[in-house]
Every structure is written in C-alpha cells, then in structure tokens.
Amino acid sequence: MKISTEGVLFLASAKKLAEEYMDKSFNYDFPQGLSKLLDGNSIIALTTSDGDNVVLDILPDGEKLTGDFDKVITQWIELKIDDQLLILSHAEFTQICTKKGDYKIYGWPVKKIDKGPGLYQVRIGVDDFRDNFDEIETYFRLTISIRKSEEKGINEVMEIAF
C-alpha cells in the first residue's frame, strides 16, 4: 500500500487513542505530547523528513523480517480485545485525536489491520528509494513484520532515513 505520511507515519491502537482522547484535548507538542502513548506501547511514530511518499508491505501473520535492508527499526504495540491497528499519516492521526480519538467519527476511511489482543513486536525494514523517486514515485519502502511478543520495550519516535 502507498501512503503519503505528511511527515510522520503512525501505527496506533484504535482503542487506546479513543481512551486517551475521549475526555482530553490533543497536545500538538510533537513528540513530547505523545510520550504517554509511546511509553504505553499504544503508538509507533516514524518520522519521514527525507520524503513523505512511502510504500508499505505488511508481511503475513507471524512472518519474520528477513533480507537486507538499509535500516531496521524495532518497536512494540499493544492491542486490546476488538482493537484495530491503524496505519495513519500525520494529518489523519491529528484529526482522529481531535475527534475524541475515534477513527469512526473522523469521517474518512483509514487503513487498518485486524489483530487479536496482545503485545506485538513490530520490525520495520527500510529500503531507501530516494535516488529513484522519479521512476517509482516513492522515497522509501517499509516492510513490516508484526509478531506476538513476550518482550516489551519502550517506543520512541524514530526517523526512517539514515
């Protein structure tokens, strides 16, 4: 899938966004305003300052990330029962958070992945296509592996470029 990130690509728990912003205003101070969501493994935030257009390849359930990548990023996401893993541009994320964190009242379709409840390790292999942008119209290809995990880490905002 192709996405224009508008500067930041988010993977987010739909339920945790709704819990966080149901009665609370969105804090526009990036990234400090997202520290609670990052620390709680509720979101993954990847900055894309070297180019907004990316292609995402989501590997089948449980498949390991293999191959040679220019960069590999490891983060974690925790999902609840009946949760959705949302894939959002910076603008979509901000708009959803200002609408009580509810993607259903956002008014536009969003990309989402159905996963069962639990903690997941998310490994993102980054391929740099900036030199070929005119030919393929994307700056980066992100190959994403999402696997159940016993290990839990603290997420931080990561830049996909080097």
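In what follows, the accompanying structure is described. Fair warning: this is a prediction, and the values are worked out from it, not measured in the lab. (Residues numbered from 1 in each chain as written. Predicted model: local features only at pLDDT ≥ 70, side-chain atom pairs only at ≥ 80, totals over all residues. Heavy atoms only, no water.)

**A closer look at the sheet that holds strand E6 (residues 85–89)**
Taken together, the 5 strands give an open sheet; going across it, the order is E7-E6-E2-E3-E10, and neighbouring strands pair in mixed fashion. Unpaired on one side and paired on the other, strand E7 (111–113) and strand E10 (158–159) mark the two borders of the sheet. Pairing of strand E2 (residues 8–13) with strand E3 (residues 43–47), which is carried by 5 bridges, proceeds in the antiparallel orientation. For Phe-10, the partnering residue across the bridge sits in E3 and is Ala-45. Packing of helix H1 (residues 14–21) onto the sheet brings it into contact with E2, E3 and E6, and relative to E2 it is tilted by some 90°. Lying over the sheet, helix H3 (residues 90–98) contacts E2, E3 and E6, oriented at roughly 115° with respect to E6. (Pairing = 2+ DSSP bridges. Helix = DSSP H or I, 4+ residues; strand = E, 2+ residues; numbered from the N terminus. Contact = heavy atoms within 4.5 Å. Axes fitted to C-alpha atoms, helices over the stretch in contact; angles between N-to-C directions.)

**Looking at the sheet that holds strand E1 (residues 2–4)**
Strand order in the open sheet made by the 5 strands is E1-E4-E9-E8-E5, with mixed pairing throughout. Of all the strands in the sheet, just E1 and strand E5 (71–79) have a single pairing partner and so form its edges. Neighbour to neighbour, the strand axes of the sheet diverge by 30° on average, direction disregarded. Across 9 bridges, the pairing between strand E8 (residues 118–128) and strand E9 (residues 140–148) is antiparallel.

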